[in-house]
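Report on the structure
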Amino acid sequence: MRVLVTGGSGYVGSHAVRALHRAGHEPIILDNLSTGHRRLSTGFTLVEGDIADERKLAPLLEGVDAVLHFAALAYVGESVAEPRKYIRNNVECAIKLLDAVLASRVRIFVLSSTCAVYGVPAELPIRESSPREPINPYGATKLFLEQVLAAYAGAYGLRYAALRYFNAAGAHPDGSIGEIHRPETHLIPLALKAALGAAPPLRVFGSRLNTPDGSCIRDFVHVADLASAHVLALEYLQAGGPSTTLNLGTGQGASVAEVLAMVKSVSGREVPHELAEARPGDPPALIADPSLSRKVLGWEARYGLREIVSSAWEWERKLQNSDWLREAEMAGHPGI
Ligand SMILES: NC(=O)c1ccc[n+]([C@@H]2O[C@H](COP(=O)([O-])OP(=O)(O)OC[C@H]3O[C@@H](n4cnc5c(N)ncnc54)[C@H](O)[C@@H]3O)[C@@H](O)[C@H]2O)c1
C-alpha cells in the first residue's frame, strides 16, 4: 500500500516508516518539522508541510491508499500551560486533515492515541472499555479525535484504528534512529542523559506512592513494537476489518526504581537522581491490558525493558557524540 504518514519525521512515526517499508509498503511522509527532524526521514520521501494545508493534502491523498496520523504535539505539561496550541494543532489541524481525507478516495486511517485518555485509572490493568477521563488537555485532544473518528466512521464509511500507546521507549534495533524530543520529558532518555552527564540529575517524582517500591509504575513499550502494530493495523483495515480502538502496551509495569536499576545493569552507570514530590494528577501506575490487540491484530510486544533500555542506551551515546543535537538547535527546536 502507499501510505501517507503524517508526523513521519518524529520519534514514533520514523520507526513506523521503516517498518512499513520493510513490510513492502510505500510510505510518504508529511511533516512540518515543528518537533520532528529531517534526518529521521533520510532515505524516504518527505513532503514538508502542515496537516492543515488542504492544497498540499489533496494531491498527496490522491496517490495513497491509507493515512497513518502521528502528527501532534505531545507534551502533557505544555498542554496544560498552552491549551490553545494543543487544541489548534491536535484538533483543528487534524479535522482539516480528516476533511481532506473524506474529500479523497482514502477510507483507511490510523490514529496515534494515548493512554492519557484514561486519566487516573480506577482499575489495573487498563482495558479499552475502562473509563476515559483525561486529566490534561493533551489527553482530551486525543479522546476528542477518537470520538470524531467514530462519528465519521458511522456517517462516511471511514474505517480506522485508534492505537492507544502506553509509554513509547527504546530505539531502532539497527541503531540508525531513536528518540529526540527537545525538550526531553520522558523517563528513559532523561535517565540515560543523566547517567552520561549530559543532563542534570534525574528528578524522580514520587517515592512514597502506593506501589511496591513507592515509585511510579509505567508500561514501557518498545517503539519497534509500536511500529509493527501500525503495519498490522493497516493490513487489518486493508483486509476489511472493522474500526477498532486498541491498547498498545506490554501488560507489564516497571517502576522508576526498576528502570534505574536496568540502566545501571545495561550501562554500568548509576543514574544521578534526586527525589521530588509526586506531580499532582500523575497516576501511581499505568499498565495496559493488551489482550484485545492480540485478539484483533495478532500483535504482541516482542521486546521487554532490557531491550528497550539497551537500544535507547546505544542510541543516546550515538546522539551525544553526533551533530544531530546541534543541527536540531539550528533548525529552531527549543533547547534541551
Ligand atoms: N512518545 C510517546 O510516548 C507517545 C505515547 C502516546 C502517544 N503518542 C503519540 O504518538 C505521536 C507521535 O509522538 P512522538 O513521540 O513521535 O512525537 P514527535 O514530536 O517526535 O513527532 C510528532 C511529529 O509530528 C510533526 N507535526 C506536529 N504537528 C504537525 C502538523 N500540524 N503538521 C505536520 N506535522 C506535524 C512534528 O514535526 C513531528 O515530526 C503523537 O501523536 C503522540 O501524541 C506518543
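Description of the structure in this document. What you see is a predicted model; the values in this text were computed from it and never measured.

1. Focus: the nonpolar core
If you look at the biggest cluster of nonpolar residues, it comprises 33 residues, and the most contacted ones within it are V12, L68, V110, L163 and L234. If you list the elements that add at least two residues to this core, you get β1 (2-6), α1 (11-22), β4 (66-69), β5 (108-114), β6 (159-165), α7 (223-238) and β11 (244-248). Residues L4, A94, F109 and L145 belong to the second largest nonpolar core, which totals 31 residues.

2. Overview of the site of the ligand
Around the ligand, a shell composed of 29 residues is seen, among which D31, T35, F70, Y138 and K142 lie nearest. Backbone polar atom of N32 to a nitrogen atom of the ligand: 3.1 Å apart, as the coordinates give it. Separating a nitrogen atom of the ligand from a backbone N or O atom of I51 is a distance of 3.1 Å. In isolation the ligand offers 830 Å² of accessible surface; the protein chains occlude 96% of this area. In terms of residue count, β5 provides more of the shell around the ligand than any other element does, three residues in total. Grouping the constituent residues of the shell around the ligand by class yields 12 nonpolar, 14 polar and three charged.

3. Brief notes about the environment of L187
Assignment of secondary structure puts L187 in helix α6 (residues 187-196). With 31 residues separating them in the primary sequence, L187 and R218 have C-alpha atoms 9.9 Å apart. For L187, the contacting residues outside a window of four places in its chain are L202, F220, V256 and V259.

4. A look at the environment of P131
Note on placement: P131 falls in the loop between β5 and α5 (137-156). Take P131: its relative accessible area is 45%, and that puts it in the partly exposed class. For P131 and V117, which are 14 residues apart along the polypeptide, the C-alpha to C-alpha distance reads 8.7 Å.

5. Topic: the pairing of β4
Covered by surrounding structure in β4 are A66 and L68 together with V67 and H69, the residues of both alternating faces. One ladder, built from four bridges, connects β1 with β4; its direction is parallel. Residue pairing for β4: V3 is matched across the bridge by A66. Judged from the three bridges that link them, β4 and β5 form a sheet pairing that is parallel.

6. Some points on the packing of aromatic side chains
One pass over the structure, following the stated rule, counts three aromatic pairs. Seen in terms of ring centroids, W315 and W324 are 5.3 Å apart; in terms of plane orientation they differ by 90°. Their pairing is edge-to-face. Look at W315 and you get buried, because its relative accessible area is 3%.

7. Digging into α1
If you check α1, its first and last C-alpha atoms are 17 Å apart, about what 12 residues at 1.5 Å a residue would give, namely 16 Å. Taken across its 12 residues, α1 has 10 buried, putting it largely inside the fold. Along α1, the residues that are buried comprise Y11, V12, G13, S14, H15, A16, V17, R18, A19 and L20. Once α1 ends, the next one or two residues include G24, with phi positive near 95°.

The rules behind these values
- Residues numbered from 1 in each chain as written.
- Predicted model: local features only at pLDDT ≥ 70, side-chain atom pairs only at ≥ 80, totals over all residues.
- Heavy atoms only, no water.
- Core = buried A, V, L, I, M, F, W, Y, C linked by side-chain atoms within 4.5 Å.
- Buried < 20%, exposed > 50% of the residue type's maximum accessible area, 1.4 Å probe, protein only.
- Helix = DSSP H or I, 4+ residues; strand = E, 2+ residues; numbered from the N terminus.
- Near = heavy atom within 4 Å.
- Polar contact = N/O pair within 3.5 Å; in protein donor to acceptor, adjacent residues only side chain to side chain.
- Areas by Shrake-Rupley, 256 points an atom, 1.4 Å probe, with all protein chains shown as cover.
- Nonpolar A, V, L, I, M, F, W, Y, C, P; charged D, E, K, R; others polar.
- Contact = heavy atoms within 4.5 Å.
- Pairing = 2+ DSSP bridges.
- Phe/Tyr/Trp six-rings, centres within 6.5 Å; stacked < 30°, edge-to-face > 60°.
- Expected span 1.5 Å × (residues − 1).

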